[in-house]
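Residues per chain, in single letters:
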Amino acid sequence: MNAFNFTAKTQDGKEIELSQFKGKVLLIVNTATGCGFTPQYDELQDLYEELKDEGLEILDFPCNQFGAQAPGTDEEINDFCTGRYGITFPQYSKIEVNGENATPLYKWLTANTKFAGFEGDFEKILTPIVEGMDKDYKNNGNIKWNFTKFVINREGEIVKRFEPTAALSAVKASVKEVL
């Protein structure tokens, strides 16, 4: 089993096979438009522009499960992200990443990774919030917050998981290692 065995729903409601990305490096991220991490869209767009010609694809999955920070329709979310942050990588339909309604892709991602720990100033803010939602959060692979990222190699295997507080420079270095 690998990432290329799954499908994703585009914003216009079509199911696509992720196998179309075989041979590419994927950065899969759950996002939100009203989050303290939303400005990461700027860095994600910069990363995409720099590395897309080398084989990077960013798969952006809006998710409203954390603080209801991704309200609105798929179209409204896309209009916000393209208008404010100028993103050109594809956004997919809003999904759930945890629980019984989590998409199969995210069930696989969370079953095969563990929480990587929060870093920096946001650690003090996020830890009590996340602990209130999941007392055992340090010991499971559930997504803890918006902008959790997964680097997937050209064979569809998970290379590394990054929590939302991880520096984008570390994400970039991981992506470049497998490009």
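The sections below set out a description of the structure shown in this document. (Residues numbered from 1 in each chain as written. Predicted model: local features only at pLDDT ≥ 70, side-chain atom pairs only at ≥ 80, totals over all residues. Heavy atoms only, no water.)

1. Looking at the pattern of salt bridges
All told, the structure shown has five salt bridges when counted by the stated rule. Lys24 is the salt-bridge partner of Glu57, the closest N and O atoms lying 3.8 Å from each other. Of this pair, Glu57 sits in strand 4 (residues 56-62) while Lys24 sits in the loop between strand 2 (15-17) and strand 3 (25-31), and the two are 33 residues apart along the sequence. By relative accessible area, Lys24 is classed as partly exposed at 28%. A salt bridge links Lys172 to Glu50, with the nearest nitrogen and oxygen atoms 2.8 Å apart. Placement of the pair is Lys172 in helix 5 (residues 168-178) and Glu50 in helix 1 (residues 40-51), with a sequence separation of 122 residues. Among the charged side chains, a network of salt bridges with common partners joins Glu50, Lys172 and Lys176. (Salt bridge = Lys/Arg side-chain N within 4 Å of Asp/Glu carboxyl O. Helix = DSSP H or I, 4+ residues; strand = E, 2+ residues; numbered from the N terminus. Buried < 20%, exposed > 50% of the residue type's maximum accessible area, 1.4 Å probe, protein only.)

2. Comments concerning the environment of Leu18
Position of Leu18 relative to the elements: it lies in the loop between strand 2 and strand 3. For Leu18, a relative accessible area of 0% puts it in the buried group. Setting aside chain neighbours within four positions, we find Leu18 in contact with Ala3, Phe4, Phe6, Thr7, Ala8, Leu59 and Leu105. (Contact = heavy atoms within 4.5 Å.)

3. Digging into the pairing of strand 3
In terms of residue burial, strand 3 counts as a mostly covered element, since seven of its seven residues are buried. Side chains Val25, Leu27, Val29 and Thr31 project from strand 3 onto one buried face, and the interleaved Leu26, Ile28 and Asn30 project onto a second face that is buried too. In the classification by handedness, the crossover that spans strand 3, the intervening helix 1 and the parallel strand 4 is right-handed. Relative to strand 5 (residues 149-152), strand 3 runs antiparallel, the two being bridged by four bridges. Across the sheet, the residue bridging to Leu27 is Val151, located in strand 5. (Right-handed = clockwise from strand over helix to strand, strands pointing away. Pairing = 2+ DSSP bridges.)

4. Digging into helix 5
Taken together, the buried positions of helix 5 are Leu168, Val171, Ser174 and Val175. End-on, the buried residues of helix 5 take up no more than an arc of 120°, which puts them together on one face. Exposed side chains of helix 5 directed beyond 90 degrees from the buried face belong to Ser169 and Glu177. The elements touched by buried residues of helix 5 are strand 3, helix 1, strand 4, strand 5 and strand 6 (158-162). (Arc of directions from axis to C-beta.)

5. Describing the packing of aromatic side chains
Following the criterion strictly, the structure yields 13 aromatic pairs and no others. Ring centres of Phe37 and Phe122 lie 4.6 Å apart, and the angle between their planes is 50°; this geometry places the pair in the tilted category. Taken together, the residues span a long stretch of sequence, with Phe37 in the loop between strand 3 and helix 1 and Phe122 in helix 4 (residues 122-133) at a distance of 85 residues. Look at Phe37 and you get buried, because its relative accessible area is 5%. With centroids separated by 6.4 Å and ring planes inclined at 20°, the aromatic side chains of Tyr41 and Phe89 adopt a geometry described as stacked. Remark: Phe89 occurs in the loop between helix 2 (74-85) and helix 3 (104-111) and Tyr41 occurs in helix 1; sequence separation between them is 48 residues. Residue Phe89 is classed as buried on the basis of its relative accessible area, which comes to 3%. (Phe/Tyr/Trp six-rings, centres within 6.5 Å; stacked < 30°, edge-to-face > 60°.)

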